[in-house]
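An overview of the molecular structure
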Amino acid sequence: MAESITITDNRTGESIEIPIVDGGVAATEWEKLLPGVWFYDPAFMTTAAAESSVSYIDGDAGKLEYRGYPIEQLAEQSTYLEVAYLLLHGELPTRDEFDEWVHEITYHTFIHENVRKRFLEGFHYDAHPMGILVSAVAALSTFYPEAKHIFDPEIRYKQMIRLIAKMPTLAAAAHRFSVGMPFVYPDNSLSFPANFLSMMWKTAEPRFDANPALARAVDVLFMLHAEHEQNCSTTAMRVVGSSHVDPYSACAAAAAALYGPRHGGANETVIRMLSEIGSLEAVPDFIKAVKEGHGRLQGFGHRVYKNYDPRAKIIRRVAYDVFEVTGKNPLLDIALKLEETALEDDYFIARKLYPNVDFYSGLIYQAMEFPLEMFPVLFAIPRTAGWLAHWVEMLDQDTKIARPRQLYTGQPRRDYVPVESR
Ligand code: ACO
């Protein structure tokens, strides 16, 4: 059987045969036969916009791999910083490479005093931390003007280190500012997640030592959120990066995409939904209402996964580790009951709707006392590694500037009428 498709233009009878390579057909071949006829694919539902070797998802089987490594193995045995290295370099580091990487990241966690004093403190007292983060990341490009030399390997690498290292500092600063607490400087003696928790929660103690189980939980959640191939924010990174702008500006665009409730805000919606349901007894009526079309079961369903999201399984386990320290989140029982009810219900079975990564992550963050507004920020910190991995890949592929076509549905040509005559 030929691994190809044949397209015939019925207007002329001309045909073209296009090979199927890596599960896709090259649209440039199609264009040879049909110049000026565009693929109509809003939201890129059936378009592969890139060749990529960063991560692999099998949505039907519920599998996720970073550079070939199953997410379950990484979550069990690795750390976020090692995963970030893997995503950016394509291979796991040797001991020496890893030590150097951790050192570099650790020594780039400080932000310029002007970012904090003049920039962050200029926001309104109740500014949303994600709005602060998006703006602060964009502002970094003005502090590192050399960043625009994106084809200089050393300069490029330095900005990647800075971005991964400074994200937690900016994120914690955004939170501290929004609750009126003083800024906490990074502590280079702490691990990446422990340092983040210190910058979040430290008060008067000389050194903040986070509970190791909570620091590990944050690290696992960071690994799970580090990368997810061509999602909305990564696509934003690639599209904006294709203009050859500096990585801070491109990352700010990606973070802005993540701010949206359909993307980075879903776990917050889950918490609101669970709070509204309020009791185990209310679960059947809620499920009935969802089936009748009154809203969605938040944290369920996924564009790609038509099976249990592998990250949701890992998060469920992490939740119990966290609750041993923090006490159980009272919303957990409602979440478990919802899951159990939905997974046995024909409506959800027929539509292949399973819990996604957001179903349980919010419960963990809430139990650790992160405010709801910080949820997308907690997503942006680790996803920076994924964004950068795709950015580098895109630059190395010498990709053209992203510039789709449109199907014009507006007015035909008409003449301007002066305002007095309208
Ligand atoms: N609850 C109830 N029904 C649902 C849900 C849900 N959560 N998700 C999908 N459906 C139903 C739809 O009503 C539709 O039914 P129909 O065929 O009878 O019309 C069918 O399942 C297919 O739904 P689509 O909207 O076509 O699926 P799509 O792939 O576009 O949506 C999405 C995926 C947006 C994630 C969706 O499942 C959803 O809204 N889920 C809730 C929000 C959520 O959890 N988002 C987080 C996603 S993970 C992330 O971004 C990190």
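Thresholds, definitions, all that
Residues numbered from 1 in each chain as written. Predicted model: local features only at pLDDT ≥ 70, side-chain atom pairs only at ≥ 80, totals over all residues. Heavy atoms only, no water. Salt bridge = Lys/Arg side-chain N within 4 Å of Asp/Glu carboxyl O. Helix = DSSP H or I, 4+ residues; strand = E, 2+ residues; numbered from the N terminus. Buried < 20%, exposed > 50% of the residue type's maximum accessible area, 1.4 Å probe, protein only. Contact = heavy atoms within 4.5 Å. Phe/Tyr/Trp six-rings, centres within 6.5 Å; stacked < 30°, edge-to-face > 60°. Domains from an automatic or database assignment. Near = heavy atom within 4 Å. Polar contact = N/O pair within 3.5 Å; in protein donor to acceptor, adjacent residues only side chain to side chain. Areas by Shrake-Rupley, 256 points an atom, 1.4 Å probe, with all protein chains shown as cover. 1 Å grid on protein atoms, 1.4 Å probe; cavity = no way out; pocket = protein on both sides within 12 Å on 5 of 7 lines; lining within 4 Å. Points joined across faces, edges and corners; volume = space filled by probe spheres on them. Nonpolar A, V, L, I, M, F, W, Y, C, P; charged D, E, K, R; others polar. Patch = residues over 30% accessible without salt bridge, like charges linked within 9 Å, V, L, I, M, F, W, Y side chains within 5 Å. Pairing = 2+ DSSP bridges. Axes fitted to C-alpha atoms, helices over the stretch in contact; angles between N-to-C directions. Parallel < 35°, antiparallel > 145°, perpendicular 65-115°, else oblique. Left-handed = near helix turned anticlockwise from the far one by under 90°.

The tally for this structure, following the rule as stated, stands at 18 salt bridges. Arg156 serves as the salt-bridge partner of Asp396, at 3.2 Å between the closest nitrogen and oxygen. One end of the pair, Asp396, is in helix α18 (residues 375–396); the other, Arg156, is in helix α7 (residues 153–178), with 240 residues separating them in the sequence. Overall, the relative accessible area of 55% leaves Asp396 in the exposed class. Ionic pairing is found between Asp209 and Arg207, a salt bridge with its closest N-O pair at 2.9 Å. Note on Arg207: relative accessible area 38%, which makes it partly exposed. One salt-bridge network, in which partners are shared between bridges, spans Glu113, Arg116, Lys117 and Glu121.

With that settled, the discussion passes to the side chain of His390. Mapped onto the elements, His390 comes out in helix α18. Residues in contact with His390, not counting those within four places in the same chain, are Ser52, Val54, Glu227, Glu229, Gln230, Thr234 and Arg238.

Residue placement: Ala50 occurs in the loop between α1 (27–33) and β3 (55–58). Expressed as a C-alpha distance, the spacing of Ala50 and His390, which sit 340 residues apart in the sequence, is 9.6 Å. Sequence-distant contacts of Ala50, that is, excluding residues within four places in its chain, are made with Gln230 and Arg238.

Further remarks concern the packing of aromatic side chains. Scanning all chains against the criterion turns up 19 aromatic pairs. Plain terms: the ring middles of Phe110 and Tyr185 are 5.9 Å apart, the flat faces sit at 25° to each other, and that makes the pair stacked. Remark: Tyr185 occurs in the loop between α7 and α8 (192–201) and Phe110 occurs in the loop between α4 (95–106) and α5 (113–119); sequence separation between them is 75 residues. For Phe110, a relative accessible area of 36% translates into the label partly exposed.

Entries for the chain in the domain assignment read domain 1 (4–47), domain 2 (69–260 + 372–379) and domain 3 (266–367). For domain 1 and domain 2, the distance between their C-alpha centres works out to 40 Å.

What follows deals with the site of the ligand. Surrounding the ligand, one finds 18 residues, the nearest of these being Arg296, Leu297, Gly299, Phe300 and Asn356. One of the side-chain N or O atoms of Arg303 is found 3.0 Å from an oxygen atom in the ligand. Contact between the ligand and Tyr347: a nitrogen atom at 3.1 Å from a side-chain N or O atom of the residue. Protein contact buries 67% of the 930 Å² of open area that the ligand shows by itself.

Attention now moves to empty space enclosed by the protein. Tallying each qualifying case throughout the model produces 1 cavity of 30 Å³ or more. By volume, the largest cavity amounts to about 30 Å³. Lining of the largest cavity is provided by Gly301, His302, Tyr305, Asn307, Asp309, Lys352, Leu353, Tyr354, Pro355 and Asn356. Of the residues assigned to the lining of the largest cavity, the class counts are 4 nonpolar, 4 polar and 2 charged.

On the surface, Ile5, Ile20 and Val25 cluster together into a nonpolar patch covering about 190 Å² of accessible area. Following the sequence through the fold, Val25 ends up in the loop between β2 (14–19) and α1.

Next up on the list: the sheet that holds strand β4 (residues 63–66). Sheet architecture is open: 3 strands sit in the order β3-β4-β5, paired in antiparallel fashion. The sheet is open, and its two edges are formed by β3 and β5 (69–70), each paired on a single side.

Next up on the list: the packing of α7 against helix α11 (residues 247–259). Where α7 meets α11, the closest approach of the two axes is 10 Å, and the angle between their N-to-C directions is 40°. The angle between the axes of α7 and α11 places the two elements in the oblique class. Where α7 crosses over α11, the handedness of that crossing is right-handed. Contacts between α7 and α11 involve Gln159, Arg162 and Leu163 on the former and, on the latter, Pro247, Tyr248 and Cys251.

In this section: unusual backbone geometry. With phi around 65°, Ala43 is a residue other than glycine that occupies positive phi space. The topology assignment puts Ala43 in the loop between α1 and β3. The phi dihedral of Glu229 is positive, around 35°, even though this residue is not glycine. Secondary-structure assignment places Glu229 in the loop between α9 (212–225) and α10 (232–241). Residue Glu229 is classed as partly exposed on the basis of its relative accessible area of 24%.

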